[in-house]
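# Observations on the model geometry
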Amino acid sequence: MELTKKPLRTREMVAIVFMIVGLKGGDTTPALFAEHAQNAIWLGPIVSFLVLLAPFLVLMYLLKKYKRFNLIELTFHLIGNKAGTILGLLLFASGFVALSTDMRNVVEEINYLYFPNSPTIAIYIIFISICILIANKGWETIGSLTWALLPVIVLTILAVLIVDMRDAVGYRIFPIFGGGADVVLKEGISKSSAFLEFLLLPIAYQAFHQPKNFRLGIYTGGILSCILIVSFYALYTMMFDYNTINNIAFLYQESTEIVTLGHFFTNISTFFMIGWLFSSFLRFIIYLYIICWIFGAIFEIKRFEGLLLPIGFISMMLSLIPPSFAVNELIVRETSLQIITPLFLIFPFLLWGAAFWKDRKKT
Amino acid sequence: MFPWQKQKTEAIEKRENRKISKNLKDNIAYLEEQYSYGLNYDFESKSVHGPTGKYHLLFYSTTVNTQQLSNHIVSPLLEVKKDIPINQILSVPSITPIKNMGEAEKGLNEGSVIIFKEGLAEGFEAKIQDFKHRAVEKAENEKTVKGPKESFTESLPTNVSMFRKKIPSKDLIVENINVGMRPAMPVTLIYERDLVNDEVLENIKQRIKNITVDNIRNVEILEQFIEERPSSLFPSMLYTERPDNASNFVSDGYIAIIMDNSSSCLIAPITIWSFFHSPEDRYLRWAFANFSRLIRAIAYFITLFVSASYVAVTNYHSQLMPIDLLLAIASSRERVPLPIAFEILLMEVAFELIREAGVRIPSPLGPTIGIVGALILGQAAVEANLVSPIVVIIVALSGLSSFAAANYSINHTLRISRFLFIAAASVYGLLSLLGAILLWVAYVVSISSFGVSYFSPATPSTKSTHDTFFRKILKNERWRPGFLNPKDWDKY
Amino acid sequence: MRQFILILSLLQLAMILSGCYDRKELEEQAYVITIAVDKTDRDNIFRFTFEIANPEVGSSATTPSTNEPAQEMISVLGTDFLSATSTANSSVAKEITLEQVRVVIVSEKLARSKEFIHLMQSAPSTVDLKLNAQLVISKEKAEEFVRHNSPNLESRPHKYFQYMLDRARETGVIPDAPLVRFFQITEGDADLFVAPYASTVKKPKDSYGDEDSYKAGEIDFHGGNVTQFMGSAVFKEGQMIDSLTGEETRYIHMMDPTFPQQVILSTFVDPLEPEYNIAARVQLDKVKVKIDYKKNQTSTIDVYITTHLNIFAIPSTEDYMKSQKKRKILYDSIQKEILKNGEKLVKKTQEEYKAEPFYWSLHIRKKFLSIKDYEQADWSNKIYPNAHVRLHVKVASLEFGKTLRQSDIGRVRD
């Protein structure tokens, strides 16, 4: 028995968006931008967000126009079953690749920084088992769980900001364009699919109390995430200088490692790990669920929770193929993002065109 | 249904439908046989010869008020001169005519006096029961400094009267549902007609009606028969002994369940926050109440996580600790023969033993527990280098904190969860501990109690008082808990 | 029941599994608190001395007192921090861990050699070693420095360094130099890095000069510990080139906006009676640096130093408090003294080092749009050594502590 149907509202959506996009401020994504953009890593995401804004708004417009659909249903409705399946599978595949590479990075991060003597696979199995177990409980639980743990994560973020601020030197942000304005622009555009979750989240368009909740949530959460990411990246620049920042893979942890709080609390980095690890868990729980949801929607599988286990483990096995973390981050992730990006920039316009054509045919 | 059960029910029905005959002797003989008159020493069968006829009284001498019996039943029967119906002769407040033996037996079982008159194919039941129960006493388990002191007692009428006193309104419904067969006991639902959500009410009634067990004597047993997840760590009903607390819930749209023989009541549906709240939080002023909530929240976190974090940090993340603390712990562990996880488990189990023994021990022996606990397990274990002093502090802290829980129902949840977290922490440090916490929280937010999400109103959120970790100023609490979907949301 | 058994078996599993991989009991680890590194006669082989804290000393009041020393010193050869750690473990039974290292001491000889930067390169990739550990340069061999250092008041060795560095930094005579700063500045390749300079060997200067114009080892004092922290070592491109006195270090503090600590203790010459000094607590506002960059021409650098002085000792008993005229003289003299010393230091850096230790390269960066432009302009080689540096010192306020007027010594003598 349930007293309220579809109980999730705006606040849960904000938390979900924040978790899945905003916390890219704390993983290895900044290192991805730092390679070429140098101390302008904070400009990279701004460019990416601006580039993604147009396709995203188009998608939101379409979803609002055809009230009853989620992302995949909308695709099927607009461009037919065959083309829809192909596009849906492409979206799924790119999301899946991003999931695999991101997950490998996070697991390597945990492994390298906190459990250096353990084999990666041991950590990986623990990590993904917990993700699958929780994701199995369904969307409403995930939403509520995210909201319930948000205070811990927000507190951690605020603490990190305050603590890092003490060691940050504002002037290090200059020269303002780092590796050069053209480089930053290119980096921002080609890697804009680092934030492709924005365009995958509409799969949950119908899963909230009202679609309005989803829209409000994704806008608020998106803006918050953008602020968070940009401020974190800027902070990293201000803490390390441009030459050092290229060498560091785990900027979040490293930045908390070099600060001290008086001389009693000298090693405080593990304290910030708590919120970070919670958010990493949540992020992949949500991500894994969304990927399975998309797959389930394409092939009209109602109880797609059963897919979590196979998809999760295939993703784990795939992501363990690159021989090392550096290869995974700098080669696999970078290339895959550059390949994926055009798809995400184009497909909403494709749908828009189809909708336009459909409308004209009708009248 | 099995054939023997069918026979049994048929026999019972036949007996119950037996008519009362005009012949007094027949009636008496039948009931005396049924009630083993002579064997049952407290079953009385008395005849009264008044001026207007021959009467016969049947009752349990132990369950009726003998003073009322002599003053209001026997005396009037002896004194009345005119032949008027019995229910006009007697001056007891409740007297009802009965037609068949089933009703007569029911009345006798409930402690009434059954009166027959020669030549009348009808009996009368006079309700002058006087079951013995405790007086209304102070609440023992949910103590408050500020606020009413009385608690429920093991008597249904007394408990209902306490509800009526707190909510004097025609909308307060006290509804009985019978449960069980040998004998059927009434379960009383108390709710406000104009607030309660009918869906929830119907659900609870249905659950009670579906119970097929022979008998249920009190709410403690009832709770386990109607809850949704009997093996879960989390209770789905609140168990309270305070009438003020119960009526606060009822006037918010919750449903209270009481039974005779229970000095407490159940509140359903419930959210996890209610276990965390004490009725005193409403009686204290805003700042004081929230301060006490804050302390309690800290206590909850300590009792759940402090031992587990100690295991995780010392075993896997020693770089987290400031060097002075690190050296202090390392030096105190220099001579301890056990790994940290075992050390903690040993002391936690010892503490649980003290607690369990403390509850069961006869009160004259009570002080020994203190001596044994404090001396043997604290001092001596440290001096014998069996555990390090820091572990004693940590276990004592987590044990003490678990007593700050506002409600006993959640106490066990915290204690057992703590062991799960310690085990998780020893597997893979903070990674597995945080994973376990995540699973635990995911479970909490996923369950529901009678259709109400366990974590409401924090998430999923609805219009409500938002009384979670902290409460608002009472004047600002405009809405009733919306997650119950009451008929009237607005408090004003 | 089934679930109960499940939970029990899970608990059992946890017990069996624990002990895997990264699980370490606290008492099975040896906590290094200081690493000292020396040059050997072979290239790229260093002598590492680990100072390991003994947890049993001075920790608990009830533990039976042991006769063990407070620390254990072990010295091994190695090429980098990690390999040296594993070599050291061949003699130390407990697992050596570097995660609590607070101080890394490097001998001056090693710091001046080209190998130093190779040694430091291995630091960031050592997981255990935290980059917020302090770098200290010792005048003598680092191993000797650690062995000689025997604090009397602190029973735990790590406390000594912690307090010592804090105190010395408070007076401004040594800089704050966490390892991460070394990397930031060295990799930035534009500025000079300064690290605390310390010694346990006394070679007192003959004359009693200005109170702080000492370097480590030159102070003449008796009793207590032989260790001295004074002055700083200057690094250019990851190699030590010179050492500065305590006084000069203090001026670096005044002119570098990135140092966190902005209050220092200092003395100034009494303008009316020059044989006396005035002691003051100097509170510095964040220094403002304005650079007028002209491509291929002499750039001008304007440095604005604003100080708030709190004078608490005037041994000459001149009445600066009441007399406005005298106060004006004091203002002027202090400003002039700061200006003079500051200009001297700037000149030294421009001519001798051809680079600055003040981290001013940060201020010119906003003139460029991209790193390529900035690196082409070449702050350290082209701009700074030829720049025209102008210091603007301003004493914004003068406080005289808790006394209202100086006692008249003449009348006291009567």
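See the structure above.
Attention here is on the structure that accompanies the text. On a predicted model such as this, the values are computed, not experimentally measured, just so you know. (Residues numbered from 1 in each chain as written. Chains lettered and ligands numbered in written order. Predicted model: local features only at pLDDT ≥ 70, side-chain atom pairs only at ≥ 80, totals over all residues. Heavy atoms only, no water.)

### Remarks on the overall build of chain C
Within chain C, the secondary structure is distributed over 13 helices and 14 strands. When burial is assessed residue by residue, chain C has 54% of its 414 residues classed as buried. As presented, chain C carries roughly 19000 Å² of accessible surface, and 51% of it is formed by carbon and sulfur atoms. (Helix = DSSP H or I, 4+ residues; strand = E, 2+ residues; numbered from the N terminus. Buried < 20%, exposed > 50% of the residue type's maximum accessible area, 1.4 Å probe, protein only. Areas by Shrake-Rupley, 256 points an atom, 1.4 Å probe, with all protein chains shown as cover.)

### Digging into the overall build of chain A
Check the secondary structure of chain A and you find 15 helices and 0 strands. Over its C-alpha trace chain A gives a radius of gyration of 20 Å, about what one expects of a compact globule, namely 21 Å for 363 residues. A total of 363 residues make up chain A; the buried ones form 63% of that total. When the accessible surface of chain A is summed, it comes to about 12900 Å², and 71% of that surface belongs to carbon and sulfur atoms. (Rg over C-alpha atoms; globule rule 2.2 N^0.38 Å.)

### A closer look at the pairing of strand β11 (residues 277-284) of chain C
In terms of strand pairing, strand β10 (residues 263-269) of chain C meets β11(C) through 7 bridges, oriented antiparallel. Paired with C:V263 across the bridge in β11(C) is C:Q283. (Pairing = 2+ DSSP bridges.)

### As for the nonpolar core
Among the nonpolar cores identified, the biggest contains 289 residues, and A:W139, C:F50 and C:L135 are the most heavily contacted of them. In terms of residues, this core owes the most to one element, helix α17 (residues 408-446) of chain B, which gives 21 residues. Among residues more than four places away in sequence, those in contact with C:F50 are C:V32, C:T34, C:I35, C:E72, C:M73, C:I74, C:V76, C:F81, C:A84, C:T85, C:A88 and C:L98. Counting residues in hydrophobic clusters, the runner-up holds 52 residues, among them C:V234, C:I264, C:I305 and C:V346. (Core = buried A, V, L, I, M, F, W, Y, C linked by side-chain atoms within 4.5 Å. Contact = heavy atoms within 4.5 Å.)

### Some remarks on the packing of helix α5 (residues 81-114) of chain A against helix α13 (residues 269-298) of chain A
All names here are of chain A. Here α5 crosses α13 at 160 degrees, and the two axes come no closer than 10 Å. Judged on the interaxial angle alone, α13 and α5 are roughly antiparallel. The crossing of α5 and α13 is left-handed. In terms of residue class, the contact of α5 with α13 is built from 19 nonpolar, 6 polar and 3 charged. (Axes fitted to C-alpha atoms, helices over the stretch in contact; angles between N-to-C directions. Parallel < 35°, antiparallel > 145°, perpendicular 65-115°, else oblique. Left-handed = near helix turned anticlockwise from the far one by under 90°. Nonpolar A, V, L, I, M, F, W, Y, C, P; charged D, E, K, R; others polar.)

### Details of the interface of chain B and chain A
Contacts between the two partners involve 37 residues from chain B, matched on the other side by 36 residues from chain A. Summing both partners gives a buried area of about 3300 Å² for chain B against chain A, and 73% of it is carried by carbon and sulfur. On the chain B side of the interface with chain A, the three residues burying the most area are B:Y428, B:L431 and B:L438, jointly 22% of the side's total. Scanning the region where chain B abuts chain A turns up 0 salt bridges. On the surface where chain B and chain A come into contact, there are 6 residue pairs in polar contact (both at pLDDT 80 or more). (Buried area = accessible area lost by both parts, 1.4 Å probe. Salt bridge = Lys/Arg side-chain N within 4 Å of Asp/Glu carboxyl O. Polar contact = N/O pair within 3.5 Å; in protein donor to acceptor, adjacent residues only side chain to side chain.)

### Describing helix α2 (residues 24-34) of chain B
Residues lying three or four places apart along an α-helix face the same way, a consequence of the helix completing one turn every 3.6 residues. Residues and elements named next belong to chain B. Turning to α2, its buried residues number three or more, namely L24, N27, I28, Y30 and L31. Buried residues of α2, viewed axially, fall in a sector of 165 degrees; they line one side. Exposed and facing more than 90 degrees away from the buried side of α2 are K25 and E33. The backbone nitrogen of K25 has a side-chain oxygen 3.0 Å away, supplied by the residue at the start of α2, namely N23. Note on α2: the residue one or two positions beyond its end, S36, has a positive phi of about 45 degrees. (Arc of directions from axis to C-beta.)

### Here we look at the sheet that holds strand β10 (residues 265-268) of chain B
Residues and elements named next belong to chain B. In space, the 5 strands of this open sheet follow the order β6-β7-β9-β10-β8, with antiparallel pairing throughout. Edge positions in the sheet fall to β6 (172-179) and β8 (238-240), since each of these pairs with one other strand and no more. Adjacent strand axes in the sheet meet at a mean angle of 25 degrees when their direction is disregarded. Judged from the 3 bridges that link them, β8 and β10 form a sheet pairing that is antiparallel. If you follow T240 over to β10, its bridge partner there is C265. Across the sheet, helix α6 (residues 156-166) touches β6, β7 (185-192) and β9 (255-259), and the angle it forms with β9 is around 155 degrees. Sitting on the sheet, helix α8 (residues 219-226) touches β7, β8, β9 and β10, and the angle it makes with β9 is about 130 degrees.

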